[in-house]
Amino acid sequence: MKWLRSQDIPIFCMQADAAYLQRKSLKINALKEGEEQAFLNGRITPIPCIHGRGLVGRMMAHGHGFFIALPDEPSLYIAGGNAGIVIRDRCGDLDR
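Let us look at the structure shown here. From a predicted model like this one, the values you see are computed outputs, not experimental measurements. (Residues numbered from 1 in each chain as written. Predicted model: local features only at pLDDT ≥ 70, side-chain atom pairs only at ≥ 80, totals over all residues. Heavy atoms only, no water.)

This part takes up the sheet that holds strand β3 (residues 37–39). Taken together, the four strands give an open sheet; going across it, the order is β3-β4-β5-β6, and neighbouring strands pair in antiparallel fashion. The outermost strands of the open sheet, each flanked by one partner alone, are β3 and β6 (76–78). Across the sheet, the axes of successive neighbouring strands diverge by a mean angle of 35°, strand direction being ignored. Across three bridges, β3 lies against strand β4 (residues 42–49) in antiparallel orientation. Across the sheet, F39 pairs through a bridge with G42, a residue of β4. (Pairing = 2+ DSSP bridges. Helix = DSSP H or I, 4+ residues; strand = E, 2+ residues; numbered from the N terminus. Axes fitted to C-alpha atoms, helices over the stretch in contact; angles between N-to-C directions.)

Below you can see the structure in the form of structure tokens.
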């Protein structure tokens, strides 16, 4: 965190995490769930994700993936370990 502060690097996070990160003196850009927002010279859209199914999925907090679109670049979806579940649930079997 020290390096992020010293370099004045903006941190993009969800609104629920903003207060905690601001207390760490980071430069925060809080994102609104499901809304397309400005990001660099393009757009970012947070997309709700789940961490899993069954008992473990119910015990863990939900997260977000991020759909990023920049001019003249391919679009990108970024998520943590839950990316495979979200892609499969929303897009179906991609091995076909």
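Now, onward.
Let us look at the side chain of T45. In this structure, T45 sits in strand β4. Not counting the four nearest positions on each side in its chain, T45 is found in contact with G34, E35, E36, G65, F66 and F67. (Contact = heavy atoms within 4.5 Å.)

Moving on to the pattern of salt bridges. In total, this model carries two salt bridges according to the counting rule given. The partner of D8 in a salt bridge is K27, with the nearest N and O atoms 3.7 Å apart. On the criterion of sequence distance, the pair formed by D8 in the loop between α1 (2–6) and β1 (10–14) and K27 in strand β2 (residues 27–31) is long-range, its members being 19 residues apart. Residue D8 is classed as partly exposed on the basis of its relative accessible area of 47%. The partly exposed category is assigned to K27, whose relative accessible area is 41%. (Salt bridge = Lys/Arg side-chain N within 4 Å of Asp/Glu carboxyl O. Buried < 20%, exposed > 50% of the residue type's maximum accessible area, 1.4 Å probe, protein only.)

In this section: unusual backbone geometry. For D8, which is not a glycine, the phi torsion comes out positive at approximately 55°. Its identity as a non-glycine residue notwithstanding, D72 has a phi of 60°, on the positive side. Within the element layout of this structure, D72 appears in the loop between β5 (63–69) and β6.

This paragraph deals with the pairing of β2. Sheet topology places β1 next to β2; five bridges connect them, and they run parallel. Residue pairing in the sheet places I11 in a bridge with I28 of β2. Note on the crossover from β1 through helix α2 (residues 15–23) to β2: the handedness is right-handed. (Right-handed = clockwise from strand over helix to strand, strands pointing away.)

On to the environment of L70, then. One can find L70 in the loop between β5 and β6. For the pair L70 and G42, spaced 28 residues apart in sequence, the C-alpha separation works out to 4.3 Å. Once residues within four sequence positions are removed from consideration, L70 is found in contact with F39, L40, N41 and G42.

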